[in-house]
Amino acid sequence: STGRPRPSGGELGFGSRISLREARAGAVAGKLLLPETLGEPDEVYAGEPPDEESITLVYGARSGLPPLGGTGIGLVLTESPGDVGSAYFREGERPEAGLQRARVGGKPGYWVPAGRGVSSLAGRAEARLHGSVLLWEQEGVALRLEADIPKQEAIRIAGSVR
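Residues numbered from 1 in each chain as written. Predicted model: local features only at pLDDT ≥ 70, side-chain atom pairs only at ≥ 80, totals over all residues. Heavy atoms only, no water.

*Asks:* Would you explain the environment of Leu 68 in this entry?
*Replies:* Along the chain, Leu 68 turns up in the loop between strand 3 (55-60) and strand 4 (73-81). For the pair formed by Leu 68 and Ala 147, sequence separation is 79 residues and the distance between their alpha carbons is 6.8 Å. (Helix = DSSP H or I, 4+ residues; strand = E, 2+ residues; numbered from the N terminus.)

Right under this line is the structure:
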């Protein structure tokens, strides 16, 4: 144990707690993507219907990752099949107001600053923790990173996802 307070993603509706091995076995598009800069997550969750194909990785707060809200969580990375539009926006709505465009590893993405409610985001993507959110697509997977960190730092972490 590292003495860090344990994250408590189970109370936040992330789904069912699973092991990293289980997550790899059931990974979206056959491959679990992990941010190399952060290493292995502290907790892993399998989504529940209608998002049973999604996997959420939870990283405890640490140096450079301040706790989100009143939790011990520093960063949450959710992986869902498909593209950002189908995974994180209400049907028929395109990302627009409130979203800043961002680039992650040369691919287009979106940045939602903390506290900015975006009406077009589907319910599952609403800020549960009130951090800033970065959305992007990679290898057939829609990714959503949430943390209380600056945009460039979020993009740097996202760029290390393999």
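*Asks:* Help me understand the side chain of Ser 80 in this model?
*Replies:* Mapped onto the elements, Ser 80 comes out in strand 4. At 3.4 Å, the side chain of Ser 80 forms a polar contact with the side chain of Tyr 88. Those residues in contact with Ser 80, other than ones at most four positions away along the chain, are Val 28, Ser 54, Ala 87, Tyr 88, Gly 140, Val 141 and Ala 142. (Polar contact = N/O pair within 3.5 Å; in protein donor to acceptor, adjacent residues only side chain to side chain. Contact = heavy atoms within 4.5 Å.)

*Asks:* I'm lost on the nonpolar core in this one. Help?
*Replies:* In globular proteins that are soluble, nonpolar side chains generally tend to be buried together. Core analysis: the biggest nonpolar cluster contains 32 residues, and Leu 32, Leu 57, Leu 75, Leu 77, Leu 134, Trp 136 and Leu 145 have the highest contact counts within it. Counting only elements with at least two residues in this core, the list comes to helix 1 (20-25), strand 2 (43-46), strand 3, strand 4, strand 5 (100-104), strand 7 (132-138), strand 8 (141-147) and helix 3 (151-159). When sequence neighbours within four positions are dropped, the list of residues in contact with Leu 134 reads Ala 102, Val 104, Tyr 110, Trp 111, Leu 143, Arg 144, Leu 145, Ala 154, Ile 155 and Ala 158. With 10 residues, the next largest nonpolar core counts Val 84, Tyr 88, Tyr 110 and Ala 142 among its residues. (Core = buried A, V, L, I, M, F, W, Y, C linked by side-chain atoms within 4.5 Å. Buried < 20%, exposed > 50% of the residue type's maximum accessible area, 1.4 Å probe, protein only.)

*Asks:* Which parts of the structure should I look at to understand the confidence of the model for the protein?
*Replies:* Do not read the fine detail of predicted coordinates wherever pLDDT is low. Here the protein averages 85 in pLDDT, and 81% of its residues register 70 or above. The element-level mean pLDDT for the protein is lowest in helix 2 (residues 84-88), coming to 85, with helix 3 highest at 97. (pLDDT = per-residue confidence, 0-100.)

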